[in-house]
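So the chains spell out like this:
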Amino acid sequence: MLEALANALNTLLYVLRPVVFGTGVLAGIGAVASWAVRTRRISPFSGGARFIRERVDPVLVAPMERKLLRAGGTPYAAPWWSLAAVVLGGLLLISGIQFLRDQIAMMAFASQSGTGLLMLAVKWTFSILRVALFARVVSSWVGGGPYSKWWRWSYVLTEWFLAPLRNVIPTIGMIDISVLVAYFGLGILESVVVRAIF
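Since the structure is predicted, the reported quantities are computational estimates derived from the model, not experimental observations.

Describing the overall build of the protein chain
If you tally the helices and strands in the protein chain, you get six helices and zero strands. Reading the protein chain from its N terminus to its C terminus gives the helix and strand order α-α-α-α-α-α. Over its C-alpha trace the protein chain gives a radius of gyration of 23 Å, far above what one expects of a compact globule, namely 16 Å for 198 residues. Judged by the C-alpha coordinates and their principal axes, the protein chain covers about 70 × 50 × 25 Å.

Structure representation (structure tokens):
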């Protein structure tokens, strides 16, 4: 059952990769054309500009433009933000399906023995801790904190081992390298635990 599901996800990825690539290329062409019309590199009164305003902008650019204007951005940047959203969305979709496929394949392998299930639980635990560390780094870039409803979970999962590291490892200027040390330390600890299981 699990192997069949993993094979189905493989087939889905085989079909989805060219679709996502094609969508990205079309979004890139649309973004360049929309930007050229908005910056008057293409005459706004030409037939091509009219086509772009009627067919491309409502689908690709208008939703992002509304969000940018609400945030105080410039409408000239909307095509580029739209292209970034399409590309990032496609990459996240493919990565999510690949991650799901890999987890299902690992579950199928692990279900064959008791130690396999234990190893899977260990790998998932360390993966969640690494994701939480990455989320903490991102939250520091975007202004999140330990009391933010979006980022609190990452602080809860990681503060118990980052606080002692911060007391031991000095900062380099304004840069706190304890997160980097913790990331590599988790990798070493995971390999030690997996070797101990087997």
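Further notes follow.
Notes on a nonpolar patch on the surface
A contiguous nonpolar patch, built from Phe21, Val25, Leu26 and Ile29 and spanning about 440 Å² of accessible area, is present on the exposed surface. Mapped onto the fold, isoleucine 29 is located in helix 1 (residues 2-38).

Quick notes on the nonpolar core
Counting residues in each nonpolar core, the largest one holds 13 residues, and the members touching the most others are Ile52 and Leu60. When contributions to this core are tallied by element, the ones reaching two or more residues are helix 1, helix 2 (47-70) and helix 3 (78-110). In terms of residues, this core owes the most to one element, helix 2, which gives seven residues. Not counting residues up to four positions away in its chain, the partners in contact with leucine 60 are Ala27, Gly30, Ala31, Ser82 and Val86.

Looking at the environment of glycine 28
Considering the arrangement of structural elements, one finds glycine 28 in helix 1. When its relative accessible area of 15% is taken as the criterion, glycine 28 is described as buried.

Section: the packing of helix 5 (residues 152-168) against helix 6 (residues 178-197)
With their axes 9 Å apart at the nearest point, helix 5 and helix 6 run at an angle of 120° to one another. Considered as vectors, helix 5 and helix 6 are oriented oblique to each other. Between helix 5 and helix 6 lies a crossing of right-handed hand. Contact residues: helix 5 offers Phe161, Leu162, Leu165 and Arg166, while helix 6 offers Ser178, Val179, Val181, Ala182 and Leu186. Residue classes in the contact of helix 5 with helix 6 are distributed as seven nonpolar, one polar and one charged.

A look at the side chain of glutamate 190
Residue placement: glutamate 190 occurs in helix 6. With relative accessibility at 9%, the residue glutamate 190 sits in the buried group. Looking at glutamate 190, its side chain comes within polar contact range of the side chain of arginine 130, at 2.8 Å. When near neighbours in sequence (up to four residues on either side) are disregarded, glutamate 190 contacts Lys123, Phe126 and Arg130.

Regarding unusual backbone geometry
Phi angles above zero are rare outside glycine, and arginine 40 is one such case at about 65°. For arginine 40, the position within the fold is in the loop between helix 1 and helix 2.

A short note on the pattern of salt bridges
In this structure the tally under the stated criterion is seven salt bridges. Note that aspartate 57 is salt-bridged to arginine 38, the shortest N-O span being 3.7 Å. Placement of the pair is aspartate 57 in helix 2 and arginine 38 in helix 1, with a sequence separation of 19 residues. Taking relative accessible area as the criterion, arginine 38 reaches 17% and is therefore assigned buried. Among the charged side chains, a salt-bridge network with shared partners connects Arg38, Asp57 and Glu65.

A look at the packing of aromatic side chains
Scanning the entire structure with this criterion turns up three aromatic pairs. A centroid spacing of 4.8 Å and a plane angle of 80° characterise the contact between tryptophan 160 and phenylalanine 161, whose relative ring orientation is edge-to-face. The exposure class of phenylalanine 161 is buried, given its relative accessible area of 13%.

Considering helix 5
The first and last C-alpha atoms of helix 5 sit 24 Å apart over 17 residues, in line with the 24 Å expected at 1.5 Å per residue. Taken as a whole, helix 5 carries its principal kink of about 60° at glutamate 159. Within helix 5, burial applies to Ser154, Tyr155, Thr158, Phe161 and Leu162.

Conventions we followed
- Residues numbered from 1 in each chain as written.
- Predicted model: local features only at pLDDT ≥ 70, side-chain atom pairs only at ≥ 80, totals over all residues.
- Heavy atoms only, no water.
- Helix = DSSP H or I, 4+ residues; strand = E, 2+ residues; numbered from the N terminus.
- Rg over C-alpha atoms; globule rule 2.2 N^0.38 Å.
- Patch = residues over 30% accessible without salt bridge, like charges linked within 9 Å, V, L, I, M, F, W, Y side chains within 5 Å.
- Areas by Shrake-Rupley, 256 points an atom, 1.4 Å probe, with all protein chains shown as cover.
- Salt bridge = Lys/Arg side-chain N within 4 Å of Asp/Glu carboxyl O.
- Core = buried A, V, L, I, M, F, W, Y, C linked by side-chain atoms within 4.5 Å.
- Buried < 20%, exposed > 50% of the residue type's maximum accessible area, 1.4 Å probe, protein only.
- Contact = heavy atoms within 4.5 Å.
- Axes fitted to C-alpha atoms, helices over the stretch in contact; angles between N-to-C directions.
- Parallel < 35°, antiparallel > 145°, perpendicular 65-115°, else oblique.
- Left-handed = near helix turned anticlockwise from the far one by under 90°.
- Nonpolar A, V, L, I, M, F, W, Y, C, P; charged D, E, K, R; others polar.
- Polar contact = N/O pair within 3.5 Å; in protein donor to acceptor, adjacent residues only side chain to side chain.
- Phe/Tyr/Trp six-rings, centres within 6.5 Å; stacked < 30°, edge-to-face > 60°.
- Expected span 1.5 Å × (residues − 1).
- Bend = angle between axes of the 7 residues up to and from the residue.

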